[in-house]
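Listed below are the residues making up each chain.
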Amino acid sequence: MRELTEEVGVSRAVFLKWPMGHPIGEPNFPRGQRVVIERAFDALKKIEEPGTIIDLPFRWKRRGDFEVG
Amino acid sequence: MSFKDRLMAKIFTAIPSLGRRAAKSILSTGEGIDMKREIPWKPFTKDIKDARVALVTTSGVHLSGDTPFDMVDPNGDPTFRVISNESDIKDLTITHDYYDHSDADKDMNIVFPLERLREMVAEGALGSLAKEHYGLMGHLKEGHVETLINETAPEIARRLIADNVDCVLLTPG
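Because the structure is predicted, anything quoted here is derived from the model rather than measured.

Conventions used here
- Residues numbered from 1 in each chain as written.
- Chains lettered and ligands numbered in written order.
- Predicted model: local features only at pLDDT ≥ 70, side-chain atom pairs only at ≥ 80, totals over all residues.
- Heavy atoms only, no water.
- Helix = DSSP H or I, 4+ residues; strand = E, 2+ residues; numbered from the N terminus.
- Buried < 20%, exposed > 50% of the residue type's maximum accessible area, 1.4 Å probe, protein only.
- Contact = heavy atoms within 4.5 Å.
- Areas by Shrake-Rupley, 256 points an atom, 1.4 Å probe, with all protein chains shown as cover.
- 1 Å grid on protein atoms, 1.4 Å probe; cavity = no way out; pocket = protein on both sides within 12 Å on 5 of 7 lines; lining within 4 Å.
- Points joined across faces, edges and corners; volume = space filled by probe spheres on them.
- Expected span 1.5 Å × (residues − 1).
- Bend = angle between axes of the 7 residues up to and from the residue.
- Polar contact = N/O pair within 3.5 Å; in protein donor to acceptor, adjacent residues only side chain to side chain.
- Buried area = accessible area lost by both parts, 1.4 Å probe.
- Salt bridge = Lys/Arg side-chain N within 4 Å of Asp/Glu carboxyl O.
- Nonpolar A, V, L, I, M, F, W, Y, C, P; charged D, E, K, R; others polar.
- Phe/Tyr/Trp six-rings, centres within 6.5 Å; stacked < 30°, edge-to-face > 60°.
- Lys NZ or Arg CZ within 6 Å of the ring centre and 35° of its normal.

Across its full length, chain A holds three helices and two strands. Along its sequence from the N terminus, chain A presents helices and strands in the succession α-β-α-β-α. Taken over 69 residues, chain A has a buried fraction of 46%. Sequence separation of at least 24 residues holds for 63% of the intrachain contacts in chain A that already meet a minimum separation of 6. Accessible surface computed for chain A: about 3700 Å², of which carbon and sulfur atoms make up 49%.

As C-alpha cells, then:
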C-alpha cells in the first residue's frame, strides 16, 4: 500500500496499483515480472531524494503495457 | 488465525481502497512505529551489473521444511527465515493468512522472484546473488513492531553486510 510505504519511510520504492499479494506481477508471466524488477533496480540510481516513490505505468493485467516500456 | 482475518484478507485484496483505509487506521493508532525517524540513505554508486543482490520479503515465504510463521498469535510473528540461494523454488511455501496468496502459490516469483534474478545473473544483468535471502511475515502489531525494528531487521542487515551484499530487493505480501 502506497500510504504505508510513505509513512514508514522507505529509502527508495517503486509502486504499482495492483492487488495485494502481487508485487512483481501476474503468475507465470516472466516477461512482465522481469520488467518490474528491472525498473526497481533502475530506481537505485534514479532516486536521489530519500523517501521517493516512483509510480510505474503498468496497469493490472494489461500485458500490452509491458511491450512499449 | 481466525475466519474473520482470512475473510478480511480476501476483501482487502478484492477491494484495495478498503485495505488502504484499514492501513491508515493502523497508522493513526501508532502501532509502535516512530514516524519521526529519519529515512535511511546510502547512495548507490555501483553498476547493477556488478552488484551482489539479496531478496527480502515480508510475504511469508519460507522453506517448506522450516518452522512456519506463527499464525496463532494475533499480533503476528516478528522472526525471520533464512532461504539459501541454492534453494529450489519448488521447496518454498507461504505461511501468511493476512493476504490472499493463491496466485503466489501458483508462481512464487510474483512475491519472491528468485528465478528471475537467477536469469538476470546468467545474462550478466546482475553481478551475483547473496548466499542467503530472508523471509518475514508482514502482519505485525504491538510489541512485535519494536522487535522487528530493534532485533530482526538489524540481524538481517548484519548478515547482508557480512555477505558483502550491495543492494536488496524488498517485496511486500
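Continuing now.
What follows covers empty space enclosed by the protein. Residue and element names in this part refer to chain A. A complete count under the given rule lists one cavity of 30 Å³ or more for this structure. Its boundaries defined by the atoms lining it, the largest cavity holds a volume of some 40 Å³. Taken together, Trp18, Gly25, Glu26, Phe29, Arg59, Trp60, Lys61, Arg62 and Phe66 form the lining of the largest cavity.

A few words on helix α5 (residues 143–162) of chain B. Residues and elements named next belong to chain B. Spanning 20 residues, α5 covers 28 Å between terminal C-alpha atoms, matching the ideal 28 Å at 1.5 Å per step. Remark: the principal bend of α5, roughly 35 degrees, maps to isoleucine 149. Those residues of α5 hidden inside the fold are in contact with β1 (52–57), β6 (132–135) and β7 (167–171).

What follows deals with the side chain of histidine 139 of chain B. Residues and elements named next belong to chain B. Relative to the elements of secondary structure, histidine 139 occurs in the loop between β6 and α5. Looking at histidine 139, the relative accessible area reads 15%, which means it is buried. A distance of 3.3 Å separates a polar side-chain atom of histidine 139 from the backbone oxygen of proline 74. In contact with histidine 139, not counting residues within four places along its chain, are Pro74, Asn75, Gly76, Asp77, His96 and Tyr98.

Residue-level contacts link 41 residues of chain B with 34 residues of chain A. In total, about 3200 Å² of surface goes out of reach between chain B and chain A, with carbon and sulfur atoms giving 70% of it. Of the charged contacts in the structure, one is a salt bridge between glutamate 123 of chain B and arginine 34 of chain A, with a shortest N-O distance of 2.8 Å. Put simply, chain B and chain A have nine residue pairs in polar contact (both at pLDDT 80 or more) between them. Among the elements of the structure, α1 (3–14), α2 (16–28), α3 (102–106), α4 (114–123) and β7 of chain B are those that each provide at least two residues to the side of chain B that touches chain A. Grouping the constituent residues of the side of chain B that touches chain A by class yields 23 nonpolar, six polar and 12 charged.

Let us now look at the packing of aromatic side chains. Counted under the stated rule, the structure contains five aromatic pairs over all chains. Between the aromatic rings of tryptophan 18 of chain A and tryptophan 60 of chain A, the centroid separation amounts to 5.4 Å while the plane-to-plane angle is 55 degrees, which identifies the pairing as tilted. In this pair, tryptophan 18 of chain A sits in the loop between β1 (12–15) and α2 (30–46) while tryptophan 60 of chain A sits in the loop between β2 (52–55) and α3 (65–68), placing the two residues 42 residues apart along the sequence. The class of tryptophan 18 of chain A is buried, set by a relative accessible area of 10%. With 5.8 Å between their ring centres and 75 degrees between their planes, phenylalanine 80 of chain B and tyrosine 134 of chain B make a pair best called edge-to-face. A residue pair is termed long-range when its members are at least 10 positions apart, and phenylalanine 80 of chain B in the loop between β2 (61–63) and β3 (81–84) and tyrosine 134 of chain B in strand β6 qualify at 54 residues. Taken individually, phenylalanine 80 of chain B and tyrosine 134 of chain B each receive the classification buried, so the pair is uniform in this respect. Joined through ring pairs, the aromatic side chains of Trp18, Phe29, Phe58, Trp60 and Phe66 of chain A make up one cluster. Sitting above the plane of the tryptophan 41 of chain B ring, arginine 12 of chain A keeps its charged end 4.1 Å from the centroid. Lying across the ring of phenylalanine 29 of chain A, arginine 63 of chain A places its NZ or CZ 4.0 Å from the centre.

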